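What follows is each chain in one-letter form.
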Amino acid sequence: MTSSQAAEDGNKPTGKASAKFDLDKHNSMANAVRALSMDAVQQANSGHPGLPMGAADIVTVLFTRFLKFDPQKPHWPDRDRFILSAGHGSMLLYSLLHLLGYEDMTIAELKNFRQLGSKTAGHPEYGHASGIETTTGPLGQGIGNAVGMAIAERHLAAQFGDDLVDHYTYVLAGDGCLMEGISQEALTLAGHLKLNKLIVLFDDNDISIDGPISLTDSTDQRARFAASGWNTLACDGHDPKAIAEALEAARASDRPTLIACKTIIGFGAPNKQGTSGAHGAPLGPEEITKARKQLDWQHEPFDIPANIRDSWRLAGLRGCKQRSAWNKRLEAAETGLRVEFERRMAGDLPDKLSSAIKEYKARLKEDPPKLATRNASQDALEVINAVVPETIGGSADLTGSNNTKSGDLQVLDSENFAGRFVHYGIREHAMAAAMNGMALHGGVIPYSGTFLVFTDYCRPAIRLSALMRQRVIYVMTHDSIGLGEDGPTHQPVEHLAALRVIPNLNILRPADAIETAECWQIALESKTTPSVITLTRQKLRPARTAGVRDNLCARGAYEIAAGGSDDPQAVLFASGSELEIALDAKKIIDKAGYSARVVSVPCMELFKTQDETYRQMVLGNEPVRIAIEAGVQQGWGRYLGGDGVFIGMTSFGASAPYQELYQHFGITAEAVAAVAVDRLKAKD
């Protein structure tokens, strides 16, 4: 079937599986993928040739006959998404992108595989080149991303209609992806939500790095997926007609589909195919020569004959007509609908958000509440979700504790994809990965919650949020020993420090309702930086009673209480729930005849970005410098100088009412003031 016969509307594949199949043409196109992959890995002397060679038939059928995309407009919103969850097989994706005509994936980039500055990193990295939908490599994360993309697709289709949003999400996953625990969380969530436009192609080659899968696993993957509500199919992964028939059946399903494609890893390499020797190392010159002979590929490395390249480029043109038809539908849409769709897909916030936050802060100033910042967060979300319709909230079975569901949000489920709140269940791994997928898809801003201690479960996805520069908002409550009786298993001690070392990640720890509103504004406006908002279980007094016009938290740190004299002798730094301790300590210090000022530090990362003049003004040069936080010290040393004091945690917590815990661990206003006064007396 020629490109001119491509379906003009909807998401119809180019041809039927029953249509006449040119096997020789298919083989030559698939072998081009194999050759480019093995040659690039060999030139780099590093990489994984086995998966690209084994899965070449699968992707050749998918990309030439089913996938909806346009290399000339790679960010077209209604394209199908293809996720290479088994990211170690990256040359499969790079070879496809080059052959299909993506302009930035040149043959020079393939020759530069795994080299510094190339677009062809060892594992696919989002943003390096068009056509790379997500960063994969940590196995299983791609499946989680795909679930999020499929959720976003169904949600936006429910809001804007199938004329504008009607596409599939395809995943190529290997045994390793399915062994990772995150896959169980992701697949059960997808099955529960009946995400029928999600199709997982399982590269079922029975090989991992250590050898046969039988060494480590006996799972019947089809039965496992079926038990979670999936449609499951199987095919010969080297039979293009069988692959096409399976894909057609999958696309017609009312459930998500797993297609177990039985393949031979390293297909075409006569001595290494079907073995772990083809998995994670170059084949070697001798084996490549033999593979060329077996595949009947008598061409020099990186040389693609014109007729084969033309066949691939024609496949790349299939989507042009579909995209043009979609553009016409977008132009014909009602003006308000079109403008709103384009705004959301561009990632721009509604103009009224800023004024809504300012008005809300003004109300808080007039009637400052005493409440836990998790409750302050829910109050802020009542304002935000009313004016930012693209937010999709959620919780990992802790909705009443995380306070992430505002009153106007309907539940997003299989009966109502227009809803804006996802009950993720006890699936923190998949929740975080799915939020990455939703953000990558575009058109939505995902946020969801669990306890801060459970960022241990979310950390791989949080790290990828930062690496991919995605606007994902992690709402982490119960952020210290202040959660009390649940004890040290649930009390985060090292977690703030551990998160703060991740590059391009804002850790926002507000101290009252006004700071909480400002931190939410920061998170929403941070288009290329994910945020972790950490919130208390215990109630806090209002800390900020003035200066609500500007977002002071956006400076990262600011003076919240000036010294009682022009030359204060002590400065107290604190974040979150410990800010009220610092403010109380200041009163004791001032009463003792000295002068102290207090600096609120809601976000160390933002403070580091401020100009030197501002930073020095806030830091000051007081001889006594104390930082207070109910966590470990790491990260606070930069504010303390050589002889500053940190008052916080040096051990795990304990099970008791939170007031007793603060006393037990010496994190009190009296303890802070005593240290400050003793040091000041020593300097007199």
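Preceding this paragraph is the structure being described.
Here goes a summary of the coordinates provided. (Residues numbered from 1 in each chain as written. Predicted model: local features only at pLDDT ≥ 70, side-chain atom pairs only at ≥ 80, totals over all residues. Heavy atoms only, no water.)

This part takes up the overall build of the chain. Helix and strand content of the chain: 26 helices and 20 strands. The globule rule puts the C-alpha radius of gyration for 684 residues at 26 Å, and the 28 Å found for the chain is close to it. In terms of overall dimensions, the chain has C-alpha extents of about 90 × 55 × 45 Å along its principal axes. For the chain, the proportion of its 684 residues judged to be buried stands at 62%. Carbon and sulfur atoms provide 49% of the accessible area of the chain, an area that totals close to 25100 Å². Counting 70 positive and 82 negative side-chain charges, the chain places the centres of these two groups 3 Å from one another. (Helix = DSSP H or I, 4+ residues; strand = E, 2+ residues; numbered from the N terminus. Rg over C-alpha atoms; globule rule 2.2 N^0.38 Å. Buried < 20%, exposed > 50% of the residue type's maximum accessible area, 1.4 Å probe, protein only. Areas by Shrake-Rupley, 256 points an atom, 1.4 Å probe, with all protein chains shown as cover. Lys, Arg positive; Asp, Glu negative; His and termini not counted. Charge placed at Lys NZ, Arg CZ, Asp CG, Glu CD.)

Here the idea is plain: a probe the size of a water molecule rolls over the atoms and shows the empty space left. For the structure shown, the criterion picks out four cavities of 30 Å³ or more. Estimated volume of the largest cavity: approximately 110 Å³. The wall of the largest cavity is formed by 13 residues, among which Leu67, Asp80, Tyr102, Gly131 and Glu133 lie closest to the centre. Taken together, the elements giving at least two residues each to the lining of the largest cavity come down to strand 1 (81–84) and helix 3 (90–100). Together, Phe82, Ile83, Leu84, Leu93, Gly131, Ile132, Glu133 and Thr134 line the second largest cavity. Looking at the lining of the second largest cavity element by element, the count peaks at three residues for strand 1. Split into classes, the residues belonging to the lining of the second largest cavity amount to five nonpolar, two polar and one charged. (1 Å grid on protein atoms, 1.4 Å probe; cavity = no way out; pocket = protein on both sides within 12 Å on 5 of 7 lines; lining within 4 Å. Points joined across faces, edges and corners; volume = space filled by probe spheres on them. Nonpolar A, V, L, I, M, F, W, Y, C, P; charged D, E, K, R; others polar.)

Moving on: unusual backbone geometry. With a phi close to 55°, Lys194 is a non-glycine residue in the positive phi region. With respect to the secondary-structure elements, Lys194 resides in the loop between helix 7 (181–193) and strand 3 (198–204). The partly exposed category is assigned to Lys194, whose relative accessible area is 44%. For Asn504, which is not glycine, the phi torsion reads 55° and is therefore positive.

Read across the open sheet, the six strands follow the order 10-9-11-12-14-13; overall the sheet is parallel. In the strand order of this sheet, the two ends are held by strand 10 (421–423) and strand 13 (506–508), each with one partner. Strand-to-strand, the axes of this sheet are offset by a mean angle of 20°, without reference to chain direction. Bridge count for strand 13 against strand 14 (residues 531–534) is three bridges, and the pairing is parallel. Residue pairing for strand 14: Leu508 is matched across the bridge by Ile533. (Pairing = 2+ DSSP bridges. Axes fitted to C-alpha atoms, helices over the stretch in contact; angles between N-to-C directions.)

With respect to the helices, strands and loops of the structure, Thr232 is situated in strand 6 (residues 231–236). On the accessibility criterion, Thr232 (16% relative accessible area) is buried. Distance from Thr232 to Ala396, taken between C-alpha atoms, is 27 Å for residues 164 residues apart in sequence.

A few words on the layout of surface pockets. Size it by volume and the largest pocket reaches roughly 660 Å³. Considering the residues around the largest pocket, the lining is formed by 33 residues, among which Tyr126, Met345, Ala439, Leu440 and Gly442 are closest to the centre. Elements supplying a minimum of two residues to the lining of the largest pocket: helix 13 (335–346), helix 17 (428–441) and strand 11 (445–451). Its residues assigned to classes, the lining of the largest pocket comprises 13 nonpolar, ten polar and ten charged.

Bringing the pattern of salt bridges into the picture now. Charged atoms that come close allow side chains of opposite charge to pair. Within the structure shown, the criterion is met by 29 salt bridges. For the salt bridge of Arg34 with Asp57, the shortest nitrogen-to-oxygen distance reads 2.7 Å. Taken together, the positions of Arg34 in helix 1 (residues 23–44) and Asp57 in helix 2 (residues 50–66) put the pair 23 residues apart, joining distant regions of the chain. On the accessibility criterion, Arg34 (2% relative accessible area) is buried. Assessed through its relative accessible area of 2%, Asp57 is described here as buried. A salt bridge links Asp78 to Lys68; its shortest N-O distance comes to 2.9 Å. With a gap of ten residues between them, Asp78 in the loop between helix 2 and strand 1 and Lys68 in the loop between helix 2 and strand 1 connect regions that are remote in the sequence. The exposure classification of Asp78 matches that of Lys68, with both residues buried. The structure contains a network of salt bridges with shared partners spanning Glu153, Arg154, Asp162, Asp166 and Lys197. (Salt bridge = Lys/Arg side-chain N within 4 Å of Asp/Glu carboxyl O.)

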